[in-house]
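Structural description and commentary
Residue-level listing of the chains:
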Amino acid sequence: MSQPKPFTITKRAVWQAYERVKANRGAAGVDGQTIKQLEVNLADNLYKLWNRMSSGSYMPPAVRRVDIPKAAGGARPLGIPTVADRVAQMVVKDALEPKLEPCFHRDSYGYRPHKSAHDALAAARQRCWGADWVLDVDIKGFFDNIDHDLMMKAVHKHTDCKWIVLYIKRWLTAPVQMPDGTLQKRDRGTPQGGVISPLLANLFLHYAFDSWMERTHPALQFERYADDIVIHCKSLEQASRLRQELEHRFAACKLEMSASKTKIAYCKDGRRKKDYPEISFDFLGYTFKPRKAKARSGKIFLGFQPAISAKAAQAIRQSVRGWDLKRRTTITLEEIARRINPIVRGWAQYYGRFQRSALYPVMAKIDQHLTKWIKAKHKRVRGRLTRALEWLRRIRSGRPRLFVHWNLAQAIGP
């Protein structure tokens, strides 16, 4: 006769967690197991996971460290858990998130149900019209520096469920496998890339920032997407005082605000005439700055508006160069479209939401590389740019929906 499990975790909860992990896809962890490999003996693998979690014997394996290059240089460290561990984390996330969601601040937008980066951007745009100054806050290495004791204090405030608390503790201290194979112990932080990490990050900053702002500065509006924070102020003096206060607040929470990346920006437009050296800021891949706009009456005015940032545009151009289309002469134009359209559609949907015209020059770079592909593919136009451009124009005229960006960009150019 089987012994009752100390923790009540249903098999259905594990199955639903697996389905969500599968939908999110993702790379293999330290064990090299992919989702497809997990599915070879799926029922048995999920049963083993449920059995270990229910008995309290589940121990998270090490997290695989991967460094993702940043557009501005340097690298962002990601921690990739194993597929099975992602399922386990999803079980806990599914149980904890409904308890936390009602408590979170309305202007916390990152990794939350029914909220998006576009919601945060739209709120920031609207509020920049009403408040003249912005404090753009940057926290140094936030995910790597979360204090575990403070984190667990926040967890205990919302749940006394023993298995949720137990596994969160174990995930926080699970070692990291570095690219050279060595294991690194962790006494702080929660790795970006984990299923549970965004929820824990939101919980930590809910107390470190959101609740603190609501208590101490209830009249000030802000948008927070994970650790990206923008605060709207009425004056330069107010923004400067708040910056100093936040330095102390984050220090009390064992975090550090970046002195070089945190800045105050003046939301200059046609109505605001002050001279100030900083009149732009970046938020979620967009740059907010003075831009010409057209009113409904047709009158041109200077507004403070978001559009794709230079860093994001450069990252897209690097990705397009990385496709190296001129060397793909063994495949057809239709195959190229099939491969790149999902990527381009994602860029268009995200960066085309505000000031779409700023995206046109970036998308035109794709046509430059398609032109190079035509020159390499067809001997008749080799070395003749004008002919290759004309060839591409004819294809676009006859099949305007072949490439996603052809519905965005207004012209094909070198």
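Residues numbered from 1 in each chain as written. Predicted model: local features only at pLDDT ≥ 70, side-chain atom pairs only at ≥ 80, totals over all residues. Heavy atoms only, no water.

1. Comments concerning the overall build of the protein chain
A count of helical and extended segments in the protein chain gives 13 helices and eleven strands. Overall, the protein chain is about 80 × 60 × 40 Å in size when its C-alpha atoms are taken along their principal axes. Buried positions account for 49% of the 414 residues belonging to the protein chain. When the 75 basic and 38 acidic side-chain charges of the protein chain are each reduced to a single mean position, those positions are 8 Å apart. (Helix = DSSP H or I, 4+ residues; strand = E, 2+ residues; numbered from the N terminus. Buried < 20%, exposed > 50% of the residue type's maximum accessible area, 1.4 Å probe, protein only. Lys, Arg positive; Asp, Glu negative; His and termini not counted. Charge placed at Lys NZ, Arg CZ, Asp CG, Glu CD.)

2. As for the sheet that holds strand β9 (residues 281–283)
Reading across from one edge, β9-β10-β11 is the order of the three strands in this open sheet, with antiparallel pairing throughout. Each having just a single partner strand, β9 and β11 (300–308) make up the two edges of the open sheet. Taken over all neighbouring pairs, the strand axes of this sheet differ in orientation by 50° on average, direction set aside. With respect to the sheet, helix α10 (residues 310–323) is in contact with β9, β10 (286–294) and β11, its orientation differing from that of β11 by roughly 50°. (Pairing = 2+ DSSP bridges. Axes fitted to C-alpha atoms, helices over the stretch in contact; angles between N-to-C directions. Contact = heavy atoms within 4.5 Å.)

3. Here's the deal with empty space enclosed by the protein
One pass over the full model with this rule turns up one cavity of 30 Å³ or more. Its volume calculated, the largest cavity comes out at about 70 Å³. The wall of the largest cavity is formed by Val63, Pro81, Asp85, Gln89, Trp171, Ala174, Arg186, Thr190, Pro191, Gly194, Ile196 and Ser197. In terms of residue class, the lining of the largest cavity is built from six nonpolar, four polar and two charged. (1 Å grid on protein atoms, 1.4 Å probe; cavity = no way out; pocket = protein on both sides within 12 Å on 5 of 7 lines; lining within 4 Å. Points joined across faces, edges and corners; volume = space filled by probe spheres on them. Nonpolar A, V, L, I, M, F, W, Y, C, P; charged D, E, K, R; others polar.)

4. Focus on the pattern of salt bridges
Within this structure, the stated rule accounts for 22 salt bridges. Salt-bridge contacts for lysine 254 lead to aspartate 147; the nearest nitrogen and oxygen are separated by 3.5 Å. Pair noted here: lysine 254 is in the loop between α9 (236–252) and β8 (263–266) and aspartate 147 is in the loop between β3 (133–137) and α6 (148–158), with a separation of 107 residues, a long-range link. For lysine 254, a relative accessible area of 52% translates into the label exposed. Here aspartate 147 falls in the buried class, since its relative accessible area comes to 14%. Connected through salt bridges with shared partners, the residues Asp132, Asp269, Arg271 and Arg272 form a single ionic network. (Salt bridge = Lys/Arg side-chain N within 4 Å of Asp/Glu carboxyl O.)

5. Quick word on the nonpolar core
If you look at the biggest cluster of nonpolar residues, it comprises 68 residues, and the most contacted ones within it are Ile231, Leu246 and Phe250. Take this core: its biggest share by element is ten residues, from helix α8 (residues 197–216). Excluding residues within four positions of it along the chain, isoleucine 231 makes contact with Trp133, Val134, Leu135, Val137, Phe209, Met213, Leu220, Gln221, Phe222, Leu242 and Leu246. (Core = buried A, V, L, I, M, F, W, Y, C linked by side-chain atoms within 4.5 Å.)

6. Here we look at the layout of surface pockets
Any space left empty among the atoms is revealed by the rolling of a water-sized probe across them. Taken as a whole, the second largest pocket spans an internal volume of roughly 310 Å³. Every residue lining the second largest pocket is counted, 16 residues in all, and those nearest its centre are Asn24, Arg86, Gly193, Gly194 and Val195. Of all elements in the fold, only α1 (11–24), β2 (75–80) and α4 (83–100) reach the threshold of two or more residues within the lining of the second largest pocket. For the lining of the second largest pocket, the leading source of residues is α4, giving three residues. Split into classes, the residues belonging to the lining of the second largest pocket amount to nine nonpolar, four polar and three charged.

7. Description of the side chain of arginine 170
Along the chain, arginine 170 falls in helix α7 (residues 162–173). Here arginine 170 is buried and forms no salt bridge, its nearest opposite-charge partner aspartate 85 lying at an N-O distance of 9.8 Å.

8. Examining the pairing of strand β7 (residues 228–233)
Extensive coverage of β7 is indicated by the burial of five of its six residues. Of the strand pairs in this sheet, β3 and β7 are connected by five bridges, and their pairing is antiparallel. Directly across from aspartate 136, in β7, lies its bridge partner valine 230. With five bridges joining them, strand β6 (residues 221–225) and β7 adopt antiparallel strand pairing. When the bridges of β7 are listed, arginine 224 appears paired with isoleucine 229. Connecting β6 to the next strand, β7, in antiparallel fashion are two residues, including alanine 226 with a positive phi near 55°.

9. Remarks on α7
Between the first and last C-alpha of α7 there are 17 Å, a value that for twelve residues agrees with the 16 Å anticipated at 1.5 Å per step. Within α7 the residues assigned to the buried category are Trp163, Ile164, Val165, Tyr167, Ile168, Arg170, Trp171 and Leu172. In this structure, the buried residues of α7 make contact with α3 (42–55), α4, α6 and α8. (Expected span 1.5 Å × (residues − 1).)

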